[in-house]
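The chain contents come next:
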Amino acid sequence: MLVTAYLAFVGLLASCLGLELSRCRAKPPGRACSNPSFLQFQLDFYQVYFLALAADWLQAPYLYKLYQHYHFLEGQIAILYVCGLASTVLFGLVASSLVDWLGRKKSCVLFSLTYSLCCLTKLSQDYFVLLVGRALGGLSTALLFSAFEAWYIHEHVERHDFPAEWIPATFARAAFWNHVLAVVAGVAAEAVASWMGLGPVAPFVAAIPLLALAGGLALRNWGENYDRQRAFSRTCAGGLRCLLSDRRVLLLGTIQALFESVIFIFVFLWTPVLDPHGAPLGIVFSSFMAASLLGSSLYRIATSKRYHLQPMHLLSLAVLIVVFSLFMLTFSTSPGQESPVESFIAFLLIELACGLYFPSMSFLRRKVIPETEQAGVLNWFRVPLHLLACLGLLVLHDSDRKTGTRNMFSICSAVMVMALLAVVGLFTVVRHDAELRVPSPTGEPYAPEL
């Protein structure tokens, strides 16, 4: 398993590098943005945002291992994960209103503080303290995925009056480097935890200086901004009306809830499946992130001028890959006949599918959901998503560990078949909808090459 993990990591990195180099050579030269004010503004944003993302990714490979290191039972670990998911959905519902009321800069600094406290709780072996840490982690996650983007968009448009067409280029570049940071974070976590012999708590301690630096840079370099608050009840009511009145939105929400709830369960299960066989967790995590990056690169190539596939097709492919991978896992985790290499390959396929799924889903959401109702609809999407994930984790250990794990993969397979049926339903509804197709790339619009 050790050799397999390192070989997979090197192979996936080489594949990603090859695809990115070929894409860069095939891409026609574009006009570079030479506006020094914009470049400095973007750099100020990236410095803080990338440090926050790096600190978040650094903790991911060893979370389950840390709880196991503290000798908690798997049922107790599942409760910790459920607490984190419940906290994420609870704070996610009010995060936008909180950020608008408190201020985007203050919210980003608050993220640094709460996530640092979350990391510090990992030094304790007290179960209640760890539960509090998971709740703080849920708040931090909600702030990470709301405050930073809201701050950037407001500053970009309102304070600096830069063209709105430059915003997608900034976040596309951020998404690419987010994958790169995740790959590097896995290697760094493996280095401090295993190679240096500091144990599974080391990545959490190492994340604290990154969070402190992110908060300090935001305080020094960022201005504050606010926005008019829309009543939470009105936001949810508008989102529910949109969800119920448009079958495309309802089907899209069903696919998201089913697919992403399975991904949350996968995040919980991969460590207990591979760790007993000597897998280097940090390298395995980096391999997962490299597979996801490979999927994102394949999405960009597939939707390019040369191939011109549609996001709806790639969404269908992503769901099919996950269905196949989960069927593989039901056999590779059979008690007494475990095959960790097959399980590892199945996990890599799931991450590859995620690299196809998330940009496809993002494109379809932008086209289907009105911009004014985005926040409300996404709130309604998150509720069944996290509820399904929590229920799955709670029922996971109703039998012995190995049997429970295999049964959970079987249940996840059934859930993904339901997601596939929802994809077929959506495909039937939108097959003649030109709005949901990537336009023929007859000419590339201006976007800054940064």
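How each quantity is defined
Residues numbered from 1 in each chain as written. Predicted model: local features only at pLDDT ≥ 70, side-chain atom pairs only at ≥ 80, totals over all residues. Heavy atoms only, no water. Helix = DSSP H or I, 4+ residues; strand = E, 2+ residues; numbered from the N terminus. Buried < 20%, exposed > 50% of the residue type's maximum accessible area, 1.4 Å probe, protein only. Contact = heavy atoms within 4.5 Å. Areas by Shrake-Rupley, 256 points an atom, 1.4 Å probe, with all protein chains shown as cover. Expected span 1.5 Å × (residues − 1). Bend = angle between axes of the 7 residues up to and from the residue. Phe/Tyr/Trp six-rings, centres within 6.5 Å; stacked < 30°, edge-to-face > 60°. UniProt positions renumbered as here; feature names shortened; annotations may be inferred. Axes fitted to C-alpha atoms, helices over the stretch in contact; angles between N-to-C directions. Parallel < 35°, antiparallel > 145°, perpendicular 65-115°, else oblique. Left-handed = near helix turned anticlockwise from the far one by under 90°. Nonpolar A, V, L, I, M, F, W, Y, C, P; charged D, E, K, R; others polar. Core = buried A, V, L, I, M, F, W, Y, C linked by side-chain atoms within 4.5 Å. Domains from an automatic or database assignment. Salt bridge = Lys/Arg side-chain N within 4 Å of Asp/Glu carboxyl O. Polar contact = N/O pair within 3.5 Å; in protein donor to acceptor, adjacent residues only side chain to side chain.

1. Let's talk about the overall build of the protein
Broken down by element type, the protein carries 16 helices and zero strands. When each of the 450 residues of the protein is scored for burial, the buried share is 53%. Long-range contacts, defined here as pairs at least 24 residues apart, represent 86% of the contacts in the protein between residues at least 6 apart. A total accessible area of about 19,900 Å² is found for the protein, and carbon and sulfur atoms account for 66% of it.

2. Focus on helix 11 (residues 247-274)
For helix 11, spanning 28 residues, the distance from its first C-alpha to its last is 40 Å, which sits close to the expected 40 Å at 1.5 Å a residue. Approximately 30° is the largest bend angle found in helix 11, and it occurs at Phe-268, with the proline Pro-272 only one to four residues beyond. Burial within helix 11 is extensive, with 23 of its 28 residues counted as buried.

3. Points about the packing of aromatic side chains
Summed over the entire model, instances satisfying the criterion amount to 35 aromatic pairs. With centroids separated by 5.1 Å and ring planes inclined at 80°, the aromatic side chains of Phe-38 and Phe-162 adopt a geometry described as edge-to-face. Remark: Phe-162 occurs in the loop between helix 7 (147-159) and helix 8 (167-195) and Phe-38 occurs in helix 2 (residues 36-59); sequence separation between them is 124 residues. For the pair shown, Phe-38 and Phe-162 are each scored as buried. Taking the centre distance of 5.9 Å and the plane angle of 35° together, the rings of Phe-41 and Trp-151 count as tilted. In this pair, Phe-41 is assigned in helix 2 and Trp-151 in helix 7, connecting sequence segments 110 residues apart. Judged by relative accessible area, Trp-151 falls into the buried class, the value being 2%.

4. Focus on the side chain of Ser-261
With respect to the helices and strands, Ser-261 occurs in helix 11. Judged by relative accessible area, which is 2%, Ser-261 ranks as buried. Contacts of Ser-261, omitting those with residues within four sequence positions, involve Gln-256, Leu-385, Leu-388 and Ala-389.

5. Quick notes on the UniProt feature "signal peptide" (unreviewed entry) in the protein
In the numbering used here, UniProt assigns the "signal peptide" (unreviewed entry) feature to residues 1-18. In the segment residues 1-18, helix accounts for 94% and strand for 0%; the C-alpha atoms at its two ends are 26 Å apart.

6. Things to note about the packing of helix 5 (residues 104-121) against helix 9 (residues 202-221)
Contact geometry for helix 5 and helix 9: axes closest at 9 Å, N-to-C directions at 165°. Judged by the inter-axis angle, helix 5 sits roughly antiparallel to helix 9. Seen from above, helix 5 lies across helix 9 with left-handed handedness. Contacts between helix 5 and helix 9 involve Lys-105, Val-109, Phe-111, Ser-112, Tyr-115, Ser-116, Cys-119 and Leu-120 from the former and Phe-204, Ala-207, Ile-208, Leu-211, Ala-214, Gly-215, Ala-218 and Leu-219 from the latter. Residues of the contact of helix 5 with helix 9, tallied by class, amount to 12 nonpolar, three polar and one charged.

7. Topic: the nonpolar core
Formed by 137 residues in total, the largest nonpolar core has its most connected members in Phe-148, Leu-274, Phe-288 and Phe-347. Counting residues per element, this core draws most heavily on helix 11, which supplies 15 residues. When residues are assigned to domains, this core turns out to be shared by domain 1 (41-224) and domain 2 (232-432), each giving three or more. The contacts of Phe-288, once residues within four sequence positions are left out, are Phe-266, Trp-270, Leu-274, Phe-344, Phe-347, Leu-348 and Glu-351.

8. Quick notes on helix 13 (residues 311-332)
The terminal C-alpha atoms of helix 13 lie 31 Å apart, and with 22 residues this matches the ideal 32 Å at 1.5 Å per residue to within 8%. Counting buried positions over the 22 residues of helix 13 gives 16, a clear majority of the element.

9. A short note on the environment of Ser-410
Turning to its location among the elements, Ser-410 is positioned in helix 16 (residues 401-430). With 82 residues separating them in the primary sequence, Ser-410 and Met-328 have C-alpha atoms 9.8 Å apart.

10. Side note on the pattern of salt bridges
Counted by the stated rule, this structure contains four salt bridges. Salt-bridge contacts for Arg-104 lead to Asp-100; the nearest nitrogen and oxygen are separated by 3.1 Å. Here Arg-104 falls in the buried class, since its relative accessible area comes to 5%. Of the charged contacts in the structure, one is a salt bridge between Arg-159 and Glu-155, with a shortest N-O distance of 2.6 Å.

11. Concerning the side chain of Glu-74
The topology assignment puts Glu-74 in helix 4 (residues 74-102). Within the structure, Glu-74 has its side chain in polar contact with the side chain of Tyr-64 (distance 2.7 Å).

12. With respect to unusual backbone geometry
Phi at His-71 is positive, roughly 70°, even though this residue is not glycine. Here His-71 shows up in the loop between helix 3 (63-69) and helix 4. With a phi close to 55°, Asp-161 is a non-glycine residue in the positive phi region. Its location among the elements puts Asp-161 in the loop between helix 7 and helix 8.

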